[in-house]
Amino acid sequence: MVVTGRSAMIAAVAAVIVMVVLPSWVGVVAMTALLAVLIVIDASASARGSDLELLRADLTTVRVGHEAAVELTVTNRGRRTVRAMLWDDWPDSVRADRRTHRLNLGPNTRTRLVTAMTPTGRGDRVAGPVTIRLLGPLGLAGRQIRRQAPARVRALPPFRSERILASKVRQLQQLEGRNVVNIRGQGAEFDSFREYVAGDDVRAIDWRATARASDVLVRTWRPERNRHVLVLLDTGRYSAGLVGGGASGSAEATRLETSIEAALLLSGLAASAGDTVALLAYDRQVRAEVRTGSGQGLQPKLMHALAGIVPALVDTDTEGMVRAAVQRTRRRSLVVWFTGLDGAMVEENLLPVLPVLARRHRVLLVSVTDPDIATAATHRTTTPEIYTAAAAENLLAERALVQESLRRKGIDVVATSPDRLPEALADEYLELKKSGAM
């Protein structure tokens, strides 16, 4: 049983009255007994907790930074009117705007209580217990209960690069010849015939079709469709590093956040190109996986898979990652591997396993570089800045050497700052399509 502030206020007023009207122990005892009886009667007259039915959706999804409304339906199945205060318990990270609600429900009625939430980070947030304080008709006392109403709010990746996707899809359509004349690339697939115009490559003339027609006909080509793209996300400790000016729009973001942003843009573009996409997030075990997806249903599938992954503070087992990738991808594919390209990391972790992957697939390594390093290399005013600039220059030179070495081995590389990475990766994919490399 709980006692409200109204009871305390009445007790204070009663004490003053007793002191003025009947200043004796008899008056104090009488007034106390009367107030105690009123409290017991009021608490007994309150509604029962078993008569309340709580219901809400099991899962609510929202992108990070956007607002979602979570409804809690409260139904009074009893015969008494419910007068109560309700506290809805959610983690602080969902930024719920209103957690306390006042109830006044007649018999066999229901109400919907709405709580607006704006999650600040990816992942699932689980609702805590609902606390209800049931009060009597006089508001002096009541009962307090806790009930479970299971619910989750899933915060999906923000995907702010979605605004870039439309322009990249238009470039893809031009590349496929929907808006301009098709061009031929190595490994491209035949599309149709058209009349020869000055400037066309004579090697594209189809003499058999020309013999059957009244004009000279040339073959047109378009990038091959129905290719396979495998996205590998390294979720080891390297992905936990903070880099300035991330694609998520914040001042700093982890490498993993930027990689997720770029992976979503690439996947959306590949789906628009008619390719199938699979995803594997791995450090020493599989953290998230999407077997195969294409079309409009791919993006939601990837977002749900990536919503809950966080960097693991362990060194990535690259051999295990490559083994898992090979087992899941039998046909030749474009493997887009998000990882680090620091000298020691490449030499110890990547070079031993890259030949295995490169023999079977086209490999594209993607790395998030820290723009603060490039900035430090330009500041040389004071003595400490000169030493810092020298260290930064050494690191940049080492990184450039590693990238050139990988390219000579036939490994494509995209390494740039967080704010440029998604678009740079999309451009590299379009270039591969244009050249017929995939």
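Structure's up top.
Given the structure is predicted, the values throughout are model-derived calculations rather than measurements. (Residues numbered from 1 in each chain as written. Predicted model: local features only at pLDDT ≥ 70, side-chain atom pairs only at ≥ 80, totals over all residues. Heavy atoms only, no water.)

(A) Local environment of the overall build of the protein. Helix and strand counts for the protein stand at 12 helices and 21 strands. A compact globule built from 438 residues would reach a C-alpha radius of gyration of about 22 Å, whereas the protein, at 33 Å, exceeds it by more than 25%. Dimensions of the protein, computed from C-alpha atoms along their principal axes, come out at roughly 120 × 70 × 40 Å. Burial analysis of the protein (438 residues in total) assigns 48% to the buried set. Across the protein, the fraction of contacts at a sequence separation of at least 24, relative to all contacts at a separation of at least 6, is 72%. Put simply, the protein shows about 22,400 Å² of open surface, and 52% of that area lies on carbon and sulfur atoms. Here the protein contributes 58 positive and 46 negative side-chain charges, whose respective centroids are spaced 8 Å apart. (Helix = DSSP H or I, 4+ residues; strand = E, 2+ residues; numbered from the N terminus. Rg over C-alpha atoms; globule rule 2.2 N^0.38 Å. Buried < 20%, exposed > 50% of the residue type's maximum accessible area, 1.4 Å probe, protein only. Contact = heavy atoms within 4.5 Å. Areas by Shrake-Rupley, 256 points an atom, 1.4 Å probe, with all protein chains shown as cover. Lys, Arg positive; Asp, Glu negative; His and termini not counted. Charge placed at Lys NZ, Arg CZ, Asp CG, Glu CD.)

(B) Examining the pattern of salt bridges more closely. Taken as a whole, this structure holds 20 salt bridges when the rule is applied. Its salt-bridge partner being Arg112, residue Glu71 comes within 3.8 Å of it at the nearest N-O pair. Placement of the pair is Glu71 in strand E4 (residues 68-76) and Arg112 in strand E7 (residues 109-117), with a sequence separation of 41 residues. Overall, Glu71 belongs to the partly exposed group, its relative accessible area being 40%. Accessibility expressed as a relative area gives 52% for Arg112, which makes it exposed. (Salt bridge = Lys/Arg side-chain N within 4 Å of Asp/Glu carboxyl O.)

(C) Quick look at the sheet that holds strand E21 (residues 412-416). What the six strands build is an open sheet, ordered E18-E17-E14-E19-E20-E21; its pairing is mixed. Because the sheet does not close on itself, it has two edges, and the strands there are strand E18 (286-293) and E21. When the angles between neighbouring strand axes are averaged without regard to direction, this sheet yields 15°. Pairing between strand E20 (residues 362-368) and E21: five bridges, direction parallel. Across the sheet, the residue bridging to Val366 is Val414, located in E21. Relative to the sheet, helix H7 (residues 318-328) contacts strand E14 (228-234), strand E17 (276-282), E18 and strand E19 (334-338), its axis offset from that of E17 by approximately 155°. (Pairing = 2+ DSSP bridges. Axes fitted to C-alpha atoms, helices over the stretch in contact; angles between N-to-C directions.)

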